[in-house]
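Structural description and commentary
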Amino acid sequence: MQPKTAFLSGVATCIVACSGAYAVDLTKAYESPNASKIIKKDLLKPAKKYTMPKTCKLEDPAAIERGKYIFHNLNGEDAKETPPEGLSKFIETKDKSGKVTKTAKQYGNCVACHNIEGAKGGGNIGPDLTTYRANFVDTKVRNTNFVYQKIADARIDNPKTHMTINLTSGLFSPSEICDLTAYVMATK
Ligand code: HEC
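The model shown is predicted, which means the values in this text are computed figures rather than measured ones.

**Quick notes on the site of the ligand**
Neighbouring the ligand are 24 residues; Cys110, Cys113, Gly126, Thr161 and Met163 lie closest to it. Of all elements in the fold, only α5 (144-152) and α6 (174-185) reach the threshold of two or more residues within the shell around the ligand. Sort the elements by how many residues they give to the shell around the ligand and α5 lands first, with three residues. For the shell around the ligand, a count of residues per class yields 13 nonpolar, eight polar and three charged.

Dropping the structure here:
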């Protein structure tokens, strides 16, 4: 009977082939990374105190313009607008083999939590930063170093902050923190 023979020969083939497959050591076929090491790498570094660098040019219109772009730009990938000079729209990362991958830099997200002059859909998780200079700086409630520190690492002022940690995390560079400080402090 033809079908039965075919079936049996199929079984026979499987006994040979399948047992061969089971003999392979599958533990080598997939990676088993050390999860605790990976988690450690992703953990936020401890809170760090900063002093605003002397190179920060708070009155420089170009710095204020860059700070404005960073502040309002929710998502680098969706942003059609070209960033002002001095900011790059992409970050390049190199893997072990030297292959370079370009990914859109995620600028800002300040506006997700803060309202400020001209904000489109400013969030209310953080305080409203509208007329910040007149309300908080001219009145001496806040100074430049406080603002720089807050944007760099908000945990020094409030260990339980909900604000993003921008400098200690490497999300932004010191000069980008200068730009943001310049923008928040500027009269708009
Ligand atoms: C996830 C929400 C969130 C994001 C995103 C965020 N902030 Fe904040 N921010 C806060 C909260 C909440 C506070 C109130 C103080 C605190 O808890 O640290 C604050 C406080 C501040 C203050 C101090 C105001 C004052 O004088 O008391 C400044 C300045 C500031 N943020 C700027 C920024 C900038 C610039 C960005 C973008 C890089 C940003 N924030 C992103 C939530 C946020």
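Okay, back to it.
**Here we look at the packing of α5 against α6**
For the pair α5 and α6, interaxial distance at closest approach is 9 Å and the crossing angle is 125 degrees. Considered as vectors, α5 and α6 are oriented oblique to each other. Crossing handedness for the pair α5 and α6: right-handed. Together, Thr144, Val147, Tyr148, Ile151 and Ala152 of α5 and Ile177, Leu180, Thr181, Val184 and Met185 of α6 make up the contact between the two elements. Classifying every residue of the contact of α5 with α6 by side-chain character gives eight nonpolar, two polar and no charged.

**Focus: the pairing of strand β2 (residues 100-104)**
By the criterion of burial, β2 is predominantly exposed, with just zero of the five residues buried. In terms of strand pairing, strand β1 (residues 90-94) meets β2 through five bridges, oriented antiparallel. Paired with Lys94 across the two strands is Val100, which belongs to β2.

Here is what the cut-offs are and how they apply
- Residues numbered from 1 in each chain as written.
- Predicted model: local features only at pLDDT ≥ 70, side-chain atom pairs only at ≥ 80, totals over all residues.
- Near = placed C-beta within 6 Å.
- Helix = DSSP H or I, 4+ residues; strand = E, 2+ residues; numbered from the N terminus.
- Nonpolar A, V, L, I, M, F, W, Y, C, P; charged D, E, K, R; others polar.
- Axes fitted to C-alpha atoms, helices over the stretch in contact; angles between N-to-C directions.
- Parallel < 35°, antiparallel > 145°, perpendicular 65-115°, else oblique.
- Left-handed = near helix turned anticlockwise from the far one by under 90°.
- Contact = placed C-beta atoms within 7 Å.
- Buried ≥ 20, exposed ≤ 12 C-beta atoms within 10 Å, placed from the backbone.
- Pairing = 2+ DSSP bridges.

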